[in-house]
Amino acid sequence: QQQVKQSPQSLIVQKGGISIINCAYENTAFDYFPWYQQFPGKGPALLIAIRPDVSEKKEGRFTISFNKSAKQFSLHIMDSQPGDSATYFCAARDVGNQFYFGTGTSLTVIP
Amino acid sequence: DVKVTQSSRYLVKRTGEKVFLECVQDMDHENMFWYRQDPGLGLRLIYFSYDVKMKEKGDIPEGYSVSREKKERFSLILESASTNQTSMYLCASRGQGRTYEQYFGPGTRLTVT
């Protein structure tokens, strides 16, 4: 049973466009929601994270939007660049400090 | 700088062979994890360890075992490799407490023929 559902599985965006990846969860005890970025041949690396007491967090071109009532959160990449082409994973942490990952989204930004 | 290293980037083994995947972290982290990554399935937790000689099963432990004799080293063992264990294996480590982030190694691409 997938604790964190992620969509879409793949995404193609034009350079300069906005990339949006969505995640949903059921466990209301999750208290930390990170996004990871993974380039081919590398392990995932933390990109940006949010706690459920805020609705939005922005770091440069990357923004997490968090909707606690809907149990959804999303990653927005503004002004997408070819260098952003990677696989993105959302995740959620439970009270036992265990992380649960989404299934990943393969993003391709075309010039 | 945080570092998690894995012994091999690519590995090809035959069905029935015993396979060892090694992971080393240099951050003095208490917690270490083994995941496998498959397309469309994301990251699935195989085993984790919160201390030396301690281990806990994750979501998919069948066919795997682990060993943690030293704090910095966590090994994943496939006792008798099978073709359905062909996958990308990721090791991760994390400090104790809820303020710590999880750091991943570069992964080992294992092919079992």
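The structure this text deals with has already been given above.
Structure report, in brief. (Residues numbered from 1 in each chain as written. Chains lettered and ligands numbered in written order. Predicted model: local features only at pLDDT ≥ 70, side-chain atom pairs only at ≥ 80, totals over all residues. Heavy atoms only, no water.)

1. Focus on the environment of A:Phe33
Residue and element names in this part refer to chain A.
Argument step 1. Within the fold, phenylalanine 33 resides in strand β4 (residues 33-38).
Argument step 2. Residue phenylalanine 33 is classed as buried on the basis of its relative accessible area of 0%.
Argument step 3. On a C-alpha basis, the gap between phenylalanine 33 and serine 7 in space is 16 Å, while along the polypeptide they are 26 residues apart.
Argument step 4. Look past the residues within four positions of phenylalanine 33 in its chain and what remains in contact with it is Tyr25, Ile48, Ala49, Ile50, Pro52, Ile64, Phe66, Phe73, Ala91 and Ala92. (Helix = DSSP H or I, 4+ residues; strand = E, 2+ residues; numbered from the N terminus. Buried < 20%, exposed > 50% of the residue type's maximum accessible area, 1.4 Å probe, protein only. Contact = heavy atoms within 4.5 Å.)

2. Some remarks on the sheet that holds strand β3 (residues 19-25) of chain A
All names here are of chain A.
Argument step 1. Within the open sheet, the five strands sit side by side as β1-β3-β8-β7-β6. Their pairing is antiparallel. This sheet does not close on itself; its edge strands, each paired only once, are β1 (4-7) and β6 (56-59). Ignoring which end each strand starts from, the neighbouring axes of this sheet average 15° apart.
Argument step 2. Here six bridges tie β3 to strand β8 (residues 72-77), and the two strands are oriented antiparallel to one another. Note that in β8 the partner of isoleucine 21 across the bridge is leucine 75. (Pairing = 2+ DSSP bridges. Axes fitted to C-alpha atoms, helices over the stretch in contact; angles between N-to-C directions.)

3. Concerning the interface of chain B and chain A
Argument step 1. Across the boundary between the two partners, chain B contributes 19 residues, which contact 23 residues of chain A.
Argument step 2. In this assembly, chain B packs against chain A so that about 1700 Å² is buried in total across both faces, 44% of it on carbon and sulfur atoms.
Argument step 3. Run the count over chain B and chain A and you get zero salt bridges.
Argument step 4. Linking chain B to chain A there are five residue pairs in polar contact (both at pLDDT 80 or more).
Argument step 5. At the level of secondary structure, the elements contributing two or more residues to the side of chain B that touches chain A comprise β4 (31-38), β5 (42-49), β9 (87-94) and β10 (102-104) of chain B.
Argument step 6. The residue makeup of the side of chain B that touches chain A, split by class, is nine nonpolar, six polar and four charged. (Buried area = accessible area lost by both parts, 1.4 Å probe. Salt bridge = Lys/Arg side-chain N within 4 Å of Asp/Glu carboxyl O. Polar contact = N/O pair within 3.5 Å; in protein donor to acceptor, adjacent residues only side chain to side chain. Nonpolar A, V, L, I, M, F, W, Y, C, P; charged D, E, K, R; others polar.)

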